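In case you want the letters, here they are:
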Amino acid sequence: MAQDSGGRTLISSAQLRRGRGRVVYWIVLLTVVVGFTLVFLGPLYWMVTGALKSGQEIAQTPPTLFPKDPRPQNYADAWTNLNLAKLLFNTFYYATGALLFQLVLDTAAAYALSKLRPVLGNLILGLMLATLMIPAMVLIVPQYVTVIDLPILHLNLLDSPFAIWLPAVANAFNIFLLKRFFDAIPEDLMAAATIDGAGPLRTLWSIVLPISRPILGVVSIFAVTAVWKDFLWPKLVMPSPETRTVSVGIYVFSGGTPMNVVVAAAVIAAVPTIVFFLIFQKNIMSGLTSGSLKG
């Protein structure tokens, strides 16, 4: 490898200037780009085009690359027959509540562990991270028992949004992400706020949160997508047809609904998360790459 003005690279600029090196470089680059594009966009393309096919065409083998007779009506049928408006509203409501709870409580927990440094804070953080080693399926039974008979209060939370919101708050991974970001905030900045008379809450609101927008964007997309794509837990705790999420609703209706209409419903259900990512893409990407603050 050669060193040039731009830094150390896998292929030197001299090799790239040669005819053979340039050809090999572009072949490898295009192969990787096209391959990853097909892997990531292939299923999405099949889903969108499959929703435009007839029932027979979508079930045939081998599948067709393009719909022979596109049927946009499938999307309208999915919206009407599956009552997607109600299902999407329910899911949006649960996702928004889970997001707000996580932003408030997980941020407070991470701030306390990072800046307030309570007694046994490292032990508490270690126990939180240890829960990440437990498979999610193992927690289904104890969580369900807790939901049907909430300790101390003895409340049944089935068909209540709190059955989704409360388990979502206990997210050790998001707390860890937030704490790592807060750890990178200079202590001099925190000390200056203290000298100016700001208490812990004032410092969190006026100093920490404004410069933590990137990582808050990352936590937001994790919180929303976790609720939006979840299937098993909402199916257990939201048995009523009026409280179902979109994933559970599509599953329930899929038994007596043509496959092309079901696929069209899946496309509609995926659109909000894609739009959410595109809107907050800049904050999300900057949050994933932020490791420190620049003065």
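Residues numbered from 1 in each chain as written. Predicted model: local features only at pLDDT ≥ 70, side-chain atom pairs only at ≥ 80, totals over all residues. Heavy atoms only, no water.

With that out of the way, let us pick up the overall build of the protein chain. Assigned secondary structure in the protein chain consists of 16 helices and 2 strands. Sorting the 295 residues of the protein chain into buried and exposed places 34% on the buried side. Taking all contacts inside the protein chain whose residues are at least 6 apart in sequence as the whole, residues at least 24 apart take part in 71%. (Helix = DSSP H or I, 4+ residues; strand = E, 2+ residues; numbered from the N terminus. Buried < 20%, exposed > 50% of the residue type's maximum accessible area, 1.4 Å probe, protein only. Contact = heavy atoms within 4.5 Å.)

In this structure, Tyr75, Leu84, Ile164, Val237, Val246 and Ile250 are the most contacted members of the largest nonpolar core, which totals 39 residues. When residues of this core are traced back to their parent elements, those giving at least two are helix H4 (73-81), helix H5 (84-116), helix H7 (136-148), helix H8 (162-169), helix H12 (213-229), helix H13 (232-237), helix H14 (246-253) and helix H15 (259-279). Setting aside its immediate chain neighbours within four residues, Ile164 contacts Tyr94, Val227, Trp233, Pro234, Val237, Met238 and Thr245. Counting residues in each nonpolar core, the second largest holds 16 residues, with Leu204, Ile215, Leu216 and Val218 among its members. (Core = buried A, V, L, I, M, F, W, Y, C linked by side-chain atoms within 4.5 Å.)

What follows is about the layout of surface pockets. Considering only enclosed or pocket space, the largest pocket measures out at about 970 Å³ in volume. Around the largest pocket sit 29 residues that line it, and Ala136, Gln143, Pro167, Ala170 and Asn171 are the ones nearest its centre. If you list the elements that add at least two residues to the lining of the largest pocket, you get H7, H8, helix H9 (172-183), H12 and H13. Tallied by class, the residues present in the lining of the largest pocket amount to 22 nonpolar, 5 polar and 2 charged. (1 Å grid on protein atoms, 1.4 Å probe; cavity = no way out; pocket = protein on both sides within 12 Å on 5 of 7 lines; lining within 4 Å. Points joined across faces, edges and corners; volume = space filled by probe spheres on them. Nonpolar A, V, L, I, M, F, W, Y, C, P; charged D, E, K, R; others polar.)

At their nearest, the axes of H5 and helix H11 (residues 200-208) sit 12 Å apart, and the two run at 105° to each other. Of the possible angle classes, the one that applies to H5 and H11 is roughly perpendicular. Along the contact surface, H5 presents Thr107, Tyr111 and Leu116, while H11 presents Pro200, Thr203, Leu204 and Val208. Here the contact of H5 with H11 is built from residues that sort into 5 nonpolar, 2 polar and no charged. (Axes fitted to C-alpha atoms, helices over the stretch in contact; angles between N-to-C directions. Parallel < 35°, antiparallel > 145°, perpendicular 65-115°, else oblique.)

With that settled, the discussion passes to the packing of aromatic side chains. One pass over the structure, following the stated rule, counts 10 aromatic pairs. Pairing Phe36 with Phe40 gives two aromatic rings, centres 6.2 Å apart and planes at 15°, and the pair type is stacked. Remark: Phe40 and Phe36 occur in helix H2 (residues 19-50); sequence separation between them is 4 residues, near one turn of the helix. Across the pair, exposure class does not vary: Phe36 and Phe40 are exposed alike. The interplanar angle of 35° and the centroid separation of 5.6 Å between the aromatic rings of Phe101 and Trp165 together place this pair among those described as tilted. (Phe/Tyr/Trp six-rings, centres within 6.5 Å; stacked < 30°, edge-to-face > 60°.)

Right, let's get into the side chain of Ser247. Note on placement: Ser247 falls in helix H14. We classify Ser247 as buried; its relative accessible area is 19%. With residues up to four places along the chain from it excluded, the contact list for Ser247 reads Asp230 and Phe231.

Looking now at unusual backbone geometry. Following Thr61, the chain continues to Pro62 via a peptide bond in cis, the omega torsion being -5°. One non-glycine residue with positive phi stands out, namely Leu120, at about 65°. Within the secondary structure layout, Leu120 lies in the loop between H5 and helix H6 (121-130). On the accessibility criterion, Leu120 (56% relative accessible area) is exposed. A positive phi is found at Asp159, a non-glycine position, where the angle reads about 65°. Mapped onto the elements, Asp159 comes out in the loop between H7 and H8.

Once that is clear, we can look at the environment of Thr203. Here Thr203 shows up in helix H11. In sequence terms Thr203 and Leu189 are 14 residues apart; their C-alpha atoms lie 9.7 Å from each other.

Turning our eyes to something else, we now look at the confidence of the model for the protein chain. In this model, the protein chain carries a mean pLDDT of 85, and residues with pLDDT of at least 70 account for 88%. Per-residue pLDDT stays below 50 along residues 1-6; that stretch engages in 9 contacts with residues further than four places along the chain or on separate chains. For the stretch residues 291-295, pLDDT sits under 50, and the model shows 7 contacts to residues farther than four places along the chain or on other chains. (pLDDT = per-residue confidence, 0-100.)

Moving on: H8. In an α-helix, one full turn covers 3.6 residues, which means residues spaced three or four apart are oriented alike. When H8 is considered as a whole, its buried residues turn out to be Ala163, Ile164, Trp165, Ala168 and Val169. Packing partners of the buried residues in H8 comprise H5, H7, H12 and H13.

As a further point, take a nonpolar patch on the surface. Together, Val24, Val28, Val32, Phe36, Val39, Phe40, Leu41, Leu44, Val48, Ile274, Phe277 and Leu278 make up a nonpolar patch on the protein surface, roughly 1100 Å² of accessible area in all. Here the nonpolar patch takes 9 residues from H2, the largest share from any one element. Topologically, Val39 is positioned in helix H2. With a relative accessible area of 57%, Val39 lands in the exposed category. (Patch = residues over 30% accessible without salt bridge, like charges linked within 9 Å, V, L, I, M, F, W, Y side chains within 5 Å. Areas by Shrake-Rupley, 256 points an atom, 1.4 Å probe, with all protein chains shown as cover. Salt bridge = Lys/Arg side-chain N within 4 Å of Asp/Glu carboxyl O.)

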